[in-house]
Amino acid sequence: MRVLHVCSEIYPLLKTGGLADVAGALPPALVRAGCDARLLVPGFPAMMNGVANLHLIAELPPRFGASALRLLAGTLADSGLPAYVIDAPGLYDRPGNPYYGPDNHDYSDNHRRFGLLGWMAAELALGRDPSWNADIIHGHDWHAGLAPAYLKAAEMRNGRKVAGSVFTVHNLAYQGVFPSHVFGELELPWEFFNMYGVEFYGNLSFLKAGLFYSDKITTVSPTYAREIQEPEQGCGLDGLLRGRAHDLRGILNGVDLDVWNPAADPDIASHYDRESLEGKRACKRALQQEAGLAVQENAPLFGVVSRLTDQKGLNLVQAGLRGILSRGGQLVLLGSGDPALEAAFREAAAAHPSSVSVHIGYDEKKSHRIIAGSDVILVPSRFEPCGLTQLYGLRYGTLPLVRRVGGLADSVVDCTAENMAQGKATGFVFDRFENEAFVAAVHRACALYARRDEWLRIQQCAMAQQFSWDLAAGQMQELYRQVAPR
Ligand code: ADP
Ligand code: GLC
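Residues numbered from 1 in each chain as written. Chains lettered and ligands numbered in written order. Predicted model: local features only at pLDDT ≥ 70, side-chain atom pairs only at ≥ 80, totals over all residues. Heavy atoms only, no water.

## Quick look at the overall build of the protein chain
For the protein chain, the helix and strand inventory stands at 19 helices and 18 strands. Relative to its length of 486 residues, the protein chain is compact, with a C-alpha radius of gyration of 23 Å against a globular reference of 23 Å. The C-alpha extent of the protein chain, read off along each of the three principal axes, is 70 × 45 × 45 Å. Taken across its 486 residues, the protein chain has 59% of its residues classed as buried. Contacts spanning at least 24 positions in sequence make up 71% of the contacts within the protein chain whose residues lie at least 6 apart. As displayed, the protein chain offers around 18,900 Å² of accessible surface, 49% of which is attributable to carbon and sulfur atoms. Distance between charge centres in the protein chain, computed from 45 positive and 52 negative side chains, equals 3 Å. (Helix = DSSP H or I, 4+ residues; strand = E, 2+ residues; numbered from the N terminus. Rg over C-alpha atoms; globule rule 2.2 N^0.38 Å. Buried < 20%, exposed > 50% of the residue type's maximum accessible area, 1.4 Å probe, protein only. Contact = heavy atoms within 4.5 Å. Areas by Shrake-Rupley, 256 points an atom, 1.4 Å probe, with all protein chains shown as cover. Lys, Arg positive; Asp, Glu negative; His and termini not counted. Charge placed at Lys NZ, Arg CZ, Asp CG, Glu CD.)

## Description of the domain arrangement of the protein chain
Here the protein chain is described as being made up of domain 1 (2-254 + 469-483) and domain 2 (278-463). With 19 residues of domain 1 in contact, the opposing surface of domain 2 contributes 17 residues. For the domain 1 and domain 2 pair, buried surface summed over both sides reaches about 1,400 Å², with 55% attributable to carbon and sulfur atoms. When residues of domain 1 are sorted by the area they lose upon contact with domain 2, Lys15, Thr223 and Leu252 head the list and together hold 25% of the total. The interface formed by domain 1 and domain 2 contains one salt bridge. Note that Lys15 is salt-bridged to Glu364, the shortest N-O span being 3.3 Å. Here domain 1 is connected to domain 2 by eight residue pairs in polar contact (both at pLDDT 80 or more). Take the side of domain 1 that touches domain 2: its biggest share by element is four residues, from helix H7 (residues 222-227). Partitioned by chemical class, the residues of the side of domain 1 that touches domain 2 number seven nonpolar, nine polar and three charged. (Domains from an automatic or database assignment. Buried area = accessible area lost by both parts, 1.4 Å probe. Salt bridge = Lys/Arg side-chain N within 4 Å of Asp/Glu carboxyl O. Polar contact = N/O pair within 3.5 Å; in protein donor to acceptor, adjacent residues only side chain to side chain. Nonpolar A, V, L, I, M, F, W, Y, C, P; charged D, E, K, R; others polar.)

## Quick look at the site of ligand 2
Around ligand 2, the structure places 14 residues, and the nearest of them are His170, Asn253, Glu384, Cys386 and Gly387. Within the side chain of Gln311, an N or O atom sits 3.1 Å from an oxygen atom of ligand 2. Within the complex, the protein chains bury 93% of what would otherwise be the 310 Å² of accessible surface of ligand 2. When residues in the shell around ligand 2 are grouped by element, the largest group, three residues, is from helix H1 (residues 18-32). Class assignment of the residues belonging to the shell around ligand 2 gives a composition of six nonpolar, six polar and two charged. Both domain 1 (2-254 + 469-483) and domain 2 (278-463) contribute no fewer than three residues apiece to the shell around ligand 2. (Near = heavy atom within 4 Å.)

## Some details on the layout of surface pockets
By volume, the second largest pocket is sized at about 500 Å³. Taken together, 30 residues make up the lining of the second largest pocket; nearest its centre are Gly24, Ala25, Asp256, Asp258 and Val259. Of all elements in the fold, only H1 and helix H19 (469-483) reach the threshold of two or more residues within the lining of the second largest pocket. Counting residues per element, the lining of the second largest pocket draws most heavily on H1, at seven residues. The class makeup of the residues in the lining of the second largest pocket is 18 nonpolar, five polar and seven charged. (1 Å grid on protein atoms, 1.4 Å probe; cavity = no way out; pocket = protein on both sides within 12 Å on 5 of 7 lines; lining within 4 Å. Points joined across faces, edges and corners; volume = space filled by probe spheres on them.)

## So, empty space enclosed by the protein
Counted under the stated rule, the structure contains two cavities of 30 Å³ or more. Here the largest cavity is characterised by a volume of approximately 50 Å³. Along its surface, the largest cavity is lined by Val22, Leu26, His140, Thr168, His170, Thr218, Thr219, Val220, Ile251, Asn253, Trp469 and Met476. Sorting the residues of the lining of the largest cavity by element identifies H1, strand E11 (216-219) and H19 as the ones contributing at least two each. Across the lining of the largest cavity, the residue classes break down as six nonpolar, six polar and no charged. For the second largest cavity, the calculated volume is near 30 Å³. What lines the second largest cavity is Arg281, Lys284, Arg285, Gln288 and Glu297.

## Digging into the pairing of strand E17 (residues 399-403)
Successive side chains on a regular strand alternate, one facing one side of the sheet and the next facing the other. In terms of burial, E17 is largely enclosed, as five of its five residues are buried. Where burial is concerned, the two faces of E17 agree: the one with Leu399, Leu401 and Arg403 and the one with Pro400 and Val402 are both buried. Sheet analysis places strand E16 (residues 376-379) next to E17, joined by four bridges and oriented parallel. Across the sheet, residue Val376 finds its bridge partner in E17, namely Leu399. With respect to chirality, the unit in which E16 leads through helix H14 (residues 389-395) into the neighbouring parallel E17 is right-handed. Sheet topology places E17 next to strand E18 (residues 428-430); three bridges connect them, and they run parallel. Bridged to Val402 within E18 is Val429. (Pairing = 2+ DSSP bridges. Right-handed = clockwise from strand over helix to strand, strands pointing away.)

Here you go:
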């Protein structure tokens, strides 16, 4: 089975969030399972410089506003995975964030930049590379949302199905919505601009296109798959998703064990595993030193590694900080985003230098040191399609404290007396998105932290959890078989 994954980020070349981790790990897992999986990405500078052995597949006439347009192919150095890159300097040769410019505003030609991505995906099902063509186009998030629409248009032209399509929603809140007048620039049949098509309340929605035209839809956890069928988390698309419920599957993300493994992680102070957690103590000491915190072995150390956006619920951490400090706890935070939150956390660090450390920015290596060195990783999200940092926390014996929502609910088992007695508990889970509920969970964590034997047993249970990409890849393959053209 030849499967083309279409996405805009890929770890380790270009990452703004968990999507990149998934794009870096799922296709190689599919290859291990016997799929011929490849990637298609836009030619951002990080891709042009990072994909190895790039060579020309096809030179194309100008379109989508790109005067020079070439399809290149190469391989990813880490995984050896084949990757196609769209070389269109006019659209993609811009440094920094792939979606917006230095002024923090989305690029005004994003509809063409990502329309071209979807269009090229369909071309790779139609034979644009004479040596390989896709049986399945698997798009990720709104950036790839038009791929199934171009496939549908090709199917209508050719009178036969060209390729099967799977579309994965990593976050329903990012939709790629554009004013209707840009539709004419996208080379789609006019009749697609319709309520039963790409039209969304008078605008054009890339995400809706993906949801409407794909053969199968997946999202990144079973709970989120249910939540997005309800108005509260449906972002206006719950009706469509309910209508497609029989084609929608929640498949939990996995952990890339080549990247996140405390027994071999090159970025942490000392290695450790489930049998011997001695090294984790060294990681905590090193983190406290690096972060300028008081080096106190008995102070429960709470870590945050996160985008600072409304989704992540970090206002609860800000408001609940006193609850952490009053129990002798410490906080180390790495993140960037909302300027108001950045400022609030900076102020907190200035006010409590020996117990609060805040690093505003993006730092892959530091994220590993925080996950390894903290006792608890905080993920109190308002909504969370899957969430990866709690999975990394489990793997590193850093107990997650999470809200019971989306993938957090599917991956962390609360330390209730019953769950602990059954040896199932792996972290702390609270329900209501309220300060009191968050602080109560913090206090439960602090109380348990003082009972070191029990804490150790829970750490070991957390570290034994399997969040395997091989499992997810098997479930994906099952879907591919259902939608591949005969
Ligand atoms: P989301 O994709 O919604 O941001 P996830 O938990 O799925 O949330 O994935 C976030 C990914 O980004 C994780 O790999 C996490 O370690 C990483 N990350 C988030 N913020 C930072 C940061 N400031 N520095 C380094 N890594 C970060
Ligand atoms: C999104 C979601 C996050 C998920 C990630 C990877 O960014 O916000 O919950 O883990 O995609 O699927």
